Amino acid sequence: MQVVPYADKYKKDFVKMNTEWISKMFVMEPEDFKVLNNIEAKIADGGQIFFALDDEGEVLACCMIAPLSNKEWEIEKFCAKGMYTGTGAGSACLKSCIDYAKEKQVEKIVFIQV
């Protein structure tokens, strides 16, 4: 397994995985659609998405980190494909987000659940 940062070729996987996970566990809300339809804006603002890939390049899990303010960033849209839950793929993506935030000298990372 390897963890890589966002590239356009992973966008469909990111949107599909998150839509399926949110729909299964919760209800898709307007804010979810807004984020999933504006990934590039999150990246342009300094955010990043990390993907865990298997040896064939298939996406196993993903996690996004994005700024809320100058010193506070949010972990959002964090999921693994069902069959890969519990394999460490999601944890690897989360760790990459945290390491990225440290590089950016983020003072506070939050998880917001509404």
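Look up: the structure comes first, before these words.
I will try to describe carefully the structure that is included in this document. Given the structure is predicted, the values throughout are model-derived calculations rather than measurements. (Residues numbered from 1 in each chain as written. Predicted model: local features only at pLDDT ≥ 70, side-chain atom pairs only at ≥ 80, totals over all residues. Heavy atoms only, no water.)

### Re the environment of Leu94
Of note, Leu94 is situated in helix H4 (residues 89-103). Taking the C-alpha atoms as reference points, Leu94 and Ala61, 33 residues apart in sequence, are found 9.6 Å from one another. Those residues in contact with Leu94 that sit more than four places away from it in its chain are Cys63, Ile75, Phe78 and Phe111. (Helix = DSSP H or I, 4+ residues; strand = E, 2+ residues; numbered from the N terminus. Contact = heavy atoms within 4.5 Å.)

### So, H4
If you check H4, its first and last C-alpha atoms are 21 Å apart, about what 15 residues at 1.5 Å a residue would give, namely 21 Å. Buried residues along H4 sit in contact with strand E1 (2-5), strand E2 (48-53), strand E3 (59-67), strand E4 (72-80) and strand E5 (108-111). Taken from the residues just after H4, Gln105 is the one with a positive phi, measuring 60°. (Expected span 1.5 Å × (residues − 1).)

### Looking at the nonpolar core
Core analysis: the largest hydrophobic core is formed by 17 residues, its most contacted members being Tyr10, Phe14, Ile49, Phe51, Leu53, Val59 and Cys62. At the level of elements, helix H1 (11-25), helix H2 (30-36), E2 and E3 are the ones that each hand at least two residues to this core. Those residues in contact with Phe51, other than ones at most four positions away along the chain, are Gln2, Val3, Val4, Pro5, Tyr6, Tyr10, Phe14, Val59, Ala61, Cys62 and Cys93. If you look at the next biggest cluster of nonpolar residues, it comprises 16 residues, including Leu60, Ile75, Leu94 and Cys97. (Core = buried A, V, L, I, M, F, W, Y, C linked by side-chain atoms within 4.5 Å. Buried < 20%, exposed > 50% of the residue type's maximum accessible area, 1.4 Å probe, protein only.)

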